[in-house]
Amino acid sequence: MQYYLAPMATLTHRALRELILEFGGCDYFFSEMISARGLLNGGHLEQYYVDAGPHPDRVIYQLMGSDADSIAAAAAMLDERDCAGIDINMGCAAPAITRQGGGVSWMSDYDSAIRMVDQVRRQVTRHPLSVKLRLGFDEDPERVMHFCRGLEQAGVEMITMHPRTAKQKFKRTARWSFVELAAEHLHIPVIGNGDVTDASRLVARSRGPWSGVMVGRGAVQQPWIFAQARAAGQQIEVDREAVALQFLELLRRRQPAEFWKSRAHRFFAYYCTNFAWGHNLNTGIHRESDTHAMGALVRQYFRRYPQERILSVALVPNP
Ligand SMILES: Cc1cc2nc3c(=O)[nH]c(=O)nc-3n(C[C@H](O)[C@H](O)[C@H](O)COP(=O)(O)O)c2cc1C
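Residues numbered from 1 in each chain as written. Predicted model: local features only at pLDDT ≥ 70, side-chain atom pairs only at ≥ 80, totals over all residues. Heavy atoms only, no water.

Asks: Quick question: what am I supposed to make of the packing of aromatic side chains here?
Replies: The geometry of an aromatic ring pair comes down to the distance between the two centres and the angle between the two planes. One pass over the full model with this rule turns up 19 aromatic pairs. Between Tyr4 and Tyr28 the ring centres are 5.5 Å apart and the planes differ by 25°, which places this aromatic pair in the stacked class. Separated by 24 residues along the polypeptide, Tyr4 in strand β1 (residues 2-5) and Tyr28 in strand β2 (residues 28-35) bring together distant segments of the chain. Assessed through its relative accessible area of 3%, Tyr4 is described here as buried. Assessed through its relative accessible area of 25%, Tyr28 is described here as partly exposed. Ring geometry for Phe247 against Phe267: centres 3.8 Å apart, planes inclined by 10°, an arrangement best described as stacked. One end of the pair, Phe247, is in helix α12 (residues 240-254); the other, Phe267, is in helix α13 (residues 257-271), with 20 residues separating them in the sequence. Both residues of the pair, Phe247 and Phe267, belong to the buried class. (Phe/Tyr/Trp six-rings, centres within 6.5 Å; stacked < 30°, edge-to-face > 60°. Helix = DSSP H or I, 4+ residues; strand = E, 2+ residues; numbered from the N terminus. Buried < 20%, exposed > 50% of the residue type's maximum accessible area, 1.4 Å probe, protein only.)

Put into structure tokens, the structure is as follows:
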């Protein structure tokens, strides 16, 4: 069973990948979504979105866009780079994206989605092409499977399914029965995603007809989640103060200064939920714009609550 880091805007950049890799990592890392038009316009920050280090052969670039021409042209650019694959975002349900016709809105029009994929497929000749999607706009298994089969026939080589509708955003639990359905009926690998919040759930989802499990928010909160799942039965120890400080260090090293504040805030919103008084730490961090001041707050927190620093866990494999 392969493990994937989910694409998450402002979160799944090189610094987070390196942090996860320090524990041994997962098999493949999706990039944060890259705007097709942004890439074509070539702003000075684009180099950070396409930085696939330190292991480009394990990074799948995800493209987001609302028109076939720009997605195809951007895919052709990414196809020239070293990477493990190119993915099209048909899952994002954020209003800022769907208003423009990107993300999950592709799922509302089967014909134009398939035409777009067909056009992109002709541009991507060196790497596998995949699509990440939701259930669309209702929970109709026939419609979902019709859409997936269309993608498969258009030459998509892997599908990641986050089994919620556009409207559900993150509400209700992810419907893994749809992942099972797709995995049983398609001929291409299907990756399941949604609500894998800790290592025991990751171990539990590691059995099934799907080819891989993708983890999003759980891997930001616990960058050791993949290592912990793979170490089932053995003890692992994590210094959670060191992880926080290491993240800030990697952020400064790998990202431009313009991104430090927002990306640190986004990371700590998830990371701080590990701790009993984490909401206080998170509030303090959100008041700071300097990452060194954020680091000082982290040190102060663990001086005050030293018992929270070391996490020592042995995962008991599910029967
Ligand atoms: C902050 C944030 C940003 C996200 N950005 C993207 C994105 O750029 N592309 C995408 O396909 N999905 C995006 N997602 C959705 C995740 O990839 C994933 O499908 C979702 O979080 C469910 O998985 P989880 O329960 O493991 O978090 C994002 C989710 C979050 C929380």
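Asks: Would you mind showing me how to read the site of the ligand here?
Replies: Around the ligand there are 19 residues in total, and Pro7, Gln62, Asn193, Asp195 and Arg217 lie nearest to it. Here Met33 contributes a backbone N or O atom positioned 3.4 Å from an oxygen atom of the ligand. Protein burial of the ligand: of its 610 Å² of free accessible surface, 93% is covered by the chains. (Near = heavy atom within 4 Å. Polar contact = N/O pair within 3.5 Å; in protein donor to acceptor, adjacent residues only side chain to side chain. Areas by Shrake-Rupley, 256 points an atom, 1.4 Å probe, with all protein chains shown as cover.)

Asks: Would you mind going over the pattern of salt bridges with me for this structure?
Replies: For side chains of opposite charge, pairing can occur when their charged atoms come near one another. Taken as a whole and assessed by the stated rule, the structure comprises 18 salt bridges. Arg309 is the partner of Glu241 in a salt bridge, and the nearest nitrogen-oxygen pair spans 4.0 Å. Of this pair, Glu241 sits in helix α12 while Arg309 is found in the loop between α15 (291-304) and β10 (310-314), placing the two residues 68 residues apart along the sequence. Here Glu241 falls in the buried class, since its relative accessible area comes to 15%. Classification of Arg309 by relative accessible area gives partly exposed; the value is 29%. We note a salt bridge from Glu249 to Arg252, for which the minimum N-O separation is 3.5 Å. (Salt bridge = Lys/Arg side-chain N within 4 Å of Asp/Glu carboxyl O.)

Asks: Please clarify how the UniProt feature "binding site: FMN" (unreviewed entry) in the protein chain should be interpreted in this entry.
Replies: Following the UniProt record, one finds the feature "binding site: FMN" (unreviewed entry) at Pro7, Met8, Ala9, Gln62, Lys132, His162, Gly216 and Arg217. With respect to the element layout, Ala9 can be found in the loop between β1 and α1 (14-22). Ala9 has contacts with Glu32, Met33 and Arg266, leaving out every residue within four places of it along the chain. Residue position: Arg217 is located in helix α10 (residues 217-221). (UniProt positions renumbered as here; feature names shortened; annotations may be inferred. Contact = heavy atoms within 4.5 Å.)

Asks: Can you help me understand the packing of helix α6 (residues 110-123) against helix α7 (residues 141-153) in this one?
Replies: Working note: a packed helix pair is described by the angle between its axes plus the distance between those axes. Put simply, α6 and α7 touch, their axes get as near as 9 Å, and they point 25° apart. One element, α6, and the other, α7, form an angle in the roughly parallel class. Considering only the axes of α6 and α7, their crossing is right-handed. Residue-level contacts link Tyr110, Ala113, Ile114 and Val117 of α6 to His146, Phe147, Gly150 and Leu151 of α7. (Axes fitted to C-alpha atoms, helices over the stretch in contact; angles between N-to-C directions. Parallel < 35°, antiparallel > 145°, perpendicular 65-115°, else oblique. Left-handed = near helix turned anticlockwise from the far one by under 90°.)

Asks: I would appreciate a short explanation of the domain arrangement of the protein chain in the present structure.
Replies: Interfaces are often sized by the amount of accessible area the parts lose when they come together. The assigned domain composition of the protein chain is domain 1 (2-230) and domain 2 (237-310). Of note, the centres of domain 1 and domain 2, computed from C-alpha atoms alone, are 27 Å apart. Between domain 1 and domain 2, the contact holds 22 residues from the first and 19 residues from the second. Summed over both partners, the interface of domain 1 with domain 2 comes to about 2,000 Å²; 67% of that surface belongs to carbon and sulfur atoms. Three residues stand out in domain 1 for area buried against domain 2, namely Tyr48, Gln221 and Trp224, and they jointly supply 25% of the buried area on that side. Taken together, the links from domain 1 to domain 2 amount to two salt bridges. Here Glu18 ties to Arg254 by a salt bridge, and the two come within 2.7 Å at their closest N and O atoms. Summed over the shared surface of domain 1 and domain 2, the result is six residue pairs in polar contact (both at pLDDT 80 or more). (Domains from an automatic or database assignment. Buried area = accessible area lost by both parts, 1.4 Å probe.)

Asks: I keep staring at the sheet that holds β2 and nothing clicks. Help me out?
Replies: In any sheet, the strands associate via hydrogen bonds between backbone groups, in a parallel or an antiparallel arrangement. The strand order around the closed barrel formed by eight strands is β1-β2-β3-β4-β5-β6-β7-β8, and the pairing between neighbours is parallel. Each adjacent strand pair in this sheet contributes to an overall mean axis angle of 25°, direction not counted. Where β1 and β2 come together, two bridges link them in parallel fashion. Paired with Leu5 across the strands is Phe29, a residue of β2. (Pairing = 2+ DSSP bridges.)

Asks: Help me out: how do you make sense of the side chain of Asn274 in this one?
Replies: Inspection of the secondary structure puts Asn274 in the loop between α13 and α14 (278-287). The class for Asn274 is buried, based on a relative accessible area of 18%. There is a polar contact of 2.7 Å between the side chain of Asn274 and the backbone oxygen of Gln221. The residues touching Asn274, leaving out its near neighbours within four places in the chain, are Gln221, Gln222, Trp224, Arg240 and Glu308.

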